[in-house]
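Descriptive analysis of the structure
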Amino acid sequence: MQKQRICILGSTGSIGVSTLDVLARHPERYQVFALTAHTQIRKLASQCQQFEPQFAVVANAPLAQELRDLLAQFSSKTQVLHGASALCEVASANDCDVVMAAIVGAAGLPASLAAAQSGKRILLANKEALVMSGQLFIDAVAKSGATLLPIDSEHNAIFQCLPHGYQRNLDAGGIAKIVLTASGGPFLKRDISTLAQVTAAEAIAHPNWVMGRKISVDSATMMNKGLEVIEAHWLFGAPADKIDVLIHPQSLIHSMVSYVDGSLLAQLGNPDMRTPIAYGLAYPERIASGVEALDLSQFLQLNFFKPDFERFPCLRLAYDALRAGGSAPTILNAANEIAVEAFLNAQLGFMDIEKVVADTLGKIASQALNALDSILEIDQQARRVASDFVAKREV
Ligand code: NAD
Ligand code: MG
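Residues numbered from 1 in each chain as written. Chains lettered and ligands numbered in written order. Predicted model: local features only at pLDDT ≥ 70, side-chain atom pairs only at ≥ 80, totals over all residues.

Lining the immediate surroundings of ligand 1 are 24 residues, of which Gly10, Gly13, Ala107, Met211 and Gly212 lie closest. Counting residues per element, the ones that place at least two in the shell around ligand 1 are helix H1 (14–24) and helix H6 (127–144). In terms of residue count, the dominant contributor to the shell around ligand 1 is H1 (three residues). For the shell around ligand 1, the class distribution of residues is 11 nonpolar, 10 polar and three charged. (Near = placed C-beta within 6 Å. Helix = DSSP H or I, 4+ residues; strand = E, 2+ residues; numbered from the N terminus. Nonpolar A, V, L, I, M, F, W, Y, C, P; charged D, E, K, R; others polar.)

Right, dumping it as structure tokens:
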């Protein structure tokens, strides 16, 4: 069997590291073509030492030099590139078969889109890229014949529970609803009146998953689930009314599909991203991921309840943005990235994240988006407006 050549965009992050963990278990199937990181040069150097990629990409020229100096210590043959255009180059290179899109936020869009346009197998973790670009991304996949596989655990679970061939044709497949499960994050039970005072350290202490800082804050506000509702809309062609959110604090059921005949199919497993990553890498085959099977004899509890929009107003905002369409999801995403960054830097209160996003959505008129340039332009505009709102609210 020819080895699959893998590019990992964002190899030093939480998803990137889990991906390398799975790849290391199957050296006969996979070889690493390119690794990319923003600023964690030492970590990238040690990944290069272990996986010997053809290319490594970093943010800028000084960091590239720093990486070359480190790589020279073990006579590495890895070529070092830098900058956003180099990310697109490795993601669309002829010698690359599979792209793991695991950069966080809007920064990942151009390279993820380049992978979609060049017909790769795309393992999509970078949900923000799809939320921002929606139709453009899906059209690029269809046009190039790329294979888009969801890595987000919920969407991966749904993909597994949908009948083969009907993953984008829900009505014909007899699907009544897609049910995204959500842990509810660290503040599910906390007194609402104290939420304004929570710190960044409290917000990123997720009960079930260890993840990057941005997605951890998004989980605490449930904006993450909101982004996932929009992501599900694009991945599965589902209208907002067909996508439900159900809080399930144990995170053992990763999501469900409800059928018109009354069947409810769920995917269960220990909460570990190596399962969806292994699924995406080997699909339609299955390979070991290092994750232990769930032991249902251990008195596991499964609880469920509906989300409370008062506690989690960001979830409502995201549904509204999806229903509004046009540029609203792009604006929502950009404003959220600015607000979360400000919260992590202690410049904004936790409950003000939603206010900054809502104010930004209210300030910018929605428009149709059909090209990368116009998406990036509206993204930048929303960032400026959101930054102004952050400055006015500063704590
Ligand atoms: P992370 O913060 O741990 O890692 C982010 C990666 O992106 C790093 O390798 C970093 O170097 C790179 N990066 C950051 N800014 C960049 C920039 N401007 N240019 C180029 N590279 C940049 O994040 P993560 O938790 O691994 O999440 C990555 C993506 O996967 C996010 O979109 C997140 O929503 C999604 N996701 C993560 C999980 C999880 O369990 N961590 C689960 C589902 C989805
Ligand atoms: Mg998820």
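What follows covers helix H9 (residues 213–221). Within H9, seven of the nine residues are buried, leaving the element largely enclosed by the surrounding structure. Of all the positions in H9, only Ile215, Ser216, Val217, Asp218, Ser219, Ala220 and Thr221 are classed as buried. Directly after H9, the chain includes Met222, whose backbone phi takes a positive value near 65°. (Buried ≥ 20, exposed ≤ 12 C-beta atoms within 10 Å, placed from the backbone.)

Further remarks concern the UniProt feature "binding site: 1-deoxy-D-xylulose 5-phosphate" (unreviewed entry) in the chain. According to UniProt, the "binding site: 1-deoxy-D-xylulose 5-phosphate" (unreviewed entry) feature falls on Lys127, Ser153, Glu154, Ser183, His206, Ser219, Asn224, Lys225 and Glu228. Inspection of the secondary structure assignment puts Ser219 in helix H9. Those residues in contact with Ser219 that sit more than four places away from it in its chain are Ser183, Gly185, His206 and Asn224. Position of Glu228 among the secondary structure elements: in helix H10 (residues 223–236). Residue Glu228 is classed as buried on the basis of its 27 C-beta neighbours within 10 Å. In contact with Glu228, other than residues within four places in its own chain, are Lys127, Asp152, Glu154 and Leu180. (UniProt positions renumbered as here; feature names shortened; annotations may be inferred. Contact = placed C-beta atoms within 7 Å.)

Moving on, we come to the UniProt feature "binding site: NADPH" (unreviewed entry) in the chain. When the UniProt feature table is mapped onto this chain, "binding site: NADPH" (unreviewed entry) is found at Thr12, Gly13, Ser14, Ile15, Asn126, Glu128 and Gly212. Tracing the chain through its elements places Ile15 in helix H1. Not counting the four nearest positions on each side in its chain, Ile15 is found in contact with Gly10, Ala102, Ala125, Ile151 and Met273.

Turning to the pairing of strand E10 (residues 253–259), a few remarks are in order. In the sheet, strand E8 (residues 175–182) pairs with E10 via four bridges, with the strands oriented antiparallel. When the sheet's bridge partners are listed, Ile178 is paired in E10 with Val257. Pairing analysis gives five bridges linking E10 to strand E11 (residues 264–268), with the strands arranged antiparallel. In the strand pairing of E11, Ser258 is matched with Leu264. (Pairing = 2+ DSSP bridges.)

As a further point, take the sheet that holds strand E5 (residues 98–101). Across the sheet, which stays open at both edges, the seven strands sit in the order E4-E3-E2-E1-E5-E6-E7 with parallel pairing between neighbours. Both edges of this open sheet fall to strand E4 (79–82) and strand E7 (147–150), since each of them pairs with a single strand only. Here the average twist between neighbouring strands, direction ignored, is 25°. Pairing analysis gives four bridges linking strand E3 (residues 55–58) to E4, with the strands arranged parallel. Paired with Val58 across the two strands is His82, which belongs to E4. The strands touched by H1 within the sheet are strand E1 (4–9), strand E2 (30–36) and E5, with E1 carrying the most contacts at an inclination of about 160°. Against the sheet, helix H2 (residues 41–51) makes contact with E2 and E3, and its axis sits at roughly 160° relative to E2, the strand it touches most. (Axes fitted to C-alpha atoms, helices over the stretch in contact; angles between N-to-C directions.)

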